[in-house]
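Fold and contact review
Okay, here's what each chain looks like letter by letter:
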Amino acid sequence: MKQIFLFIFIFLSIAVQAQKEKEDDNKKSTSMMPIVSGLYETVATLEKEGVRVVRIEFDQINGKKNTVRKLDGGFTYGLMAYGDYRVKQIAVRVSKKEKNEWKPLSSGETNGSSAILHLEVKETAEYLIEIEIKEFTEGYSNAHYGLIC
């Protein structure tokens with residue numbers, strides 16, 4: 001339970017940092033600095049607490065992004081999705097492929113520009129991770145996001 005609270009605290013710290021780092025961005029809003037700032041410290045803290053980070057992803061997004069990841073059965077995964085200062089609300093969902101169709105499994109808890117999801121994986125398989133920007137900050141139609149699992 002301690003790790004879950006730590007995970008949430010660290011995640012929210014990253015999201016707040018991504019929002020505060022707007023000044024690192026350039027006039028065309030193309031810099032990755034606001035979204036990656038503070039990542040080293042976050043990963044170091046997670047690993048110090050025994051959390052194993054298996055994937056880190058950063059990308060541009062203008063609506064939805066999907067990524068497929070093989071997850072091993074018998075483990076609980078924590079996924080954190082967060083947006084930079086241009087994201088007002090973000091969501092994360094996980095689906096599992098069954099008979100050539102993606103079946104929804106779980107949706108994350110959204111807290112503005114960040115979302116977190118814990119998933120107990122029962123069997124090793126490929127899982128679809130979907131990140132969706134539900135609302136952009138006024139004046140923006142794309143942003144950068146980070147995904148840590």
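Residues numbered from 1 in each chain as written. Predicted model: local features only at pLDDT ≥ 70, side-chain atom pairs only at ≥ 80, totals over all residues. Heavy atoms only, no water.

1. Considering the pattern of salt bridges
- All chains considered together, the criterion is met by ten salt bridges.
- A salt bridge links Arg86 to Asp84; its shortest N-O distance comes to 2.5 Å.
- With a shortest N-O distance of 3.6 Å, Lys134 and Glu132 are connected by a salt bridge.
- Each of the salt bridges in this network shares a partner with another, and the network as a whole consists of Lys64, Arg93, Glu130, Glu132 and Lys134. (Salt bridge = Lys/Arg side-chain N within 4 Å of Asp/Glu carboxyl O.)

2. Thoughts on the sheet that holds strand 1 (residues 56-61)
- Strands sit in the order 1-9-3-7-6 across an open sheet of five strands; the sheet is antiparallel. Two strands close off the open sheet at either side, each with one partner strand: strand 1 and strand 6 (109-111). Strand after strand, the sheet turns through a mean of 15° between neighbouring axes, direction not considered.
- Relative to strand 9 (residues 143-148), strand 1 runs antiparallel, the two being bridged by six bridges. Counted as the bridge partner of Asp59 is Tyr145 from strand 9. (Pairing = 2+ DSSP bridges. Helix = DSSP H or I, 4+ residues; strand = E, 2+ residues; numbered from the N terminus. Axes fitted to C-alpha atoms, helices over the stretch in contact; angles between N-to-C directions.)

3. A look at helix 3 (residues 39-48)
- Looking only at helix 3, the buried set comprises Leu39, Thr42, Val43 and Leu46. Angularly, the buried residues of helix 3 cover 95° about the axis, an arc narrow enough to put them on a single face. For helix 3, the exposed residues set more than 90 degrees away from the buried face come down to Tyr40 and Lys48.
- Immediately downstream of helix 3, the backbone of Gly50 shows phi near 90°, a positive value. (Buried < 20%, exposed > 50% of the residue type's maximum accessible area, 1.4 Å probe, protein only. Arc of directions from axis to C-beta.)

4. Thoughts on the sheet that holds strand 2 (residues 64-71)
- With antiparallel pairing, four strands are arranged side by side in an open sheet as 2-8-4-5. Single-partner strands in this sheet number two, and they are strand 2 and strand 5 (101-107). Looking at each pair of strands side by side, their axes are set apart by 30° on average, direction ignored.

5. Structural notes on the environment of Asp84
- Here Asp84 lies in the loop between strand 3 (75-83) and strand 4 (87-98).
- Under the relative-accessibility criterion, Asp84 is labelled buried at 0%.
- Sequence separation between Asp84 and Tyr145 is 61 residues, and the spatial gap between their C-alpha atoms is 6.3 Å.
- Here the side chain of Asp84 touches Arg86 through a polar contact of 2.5 Å, side chain to side chain. (Polar contact = N/O pair within 3.5 Å; in protein donor to acceptor, adjacent residues only side chain to side chain.)

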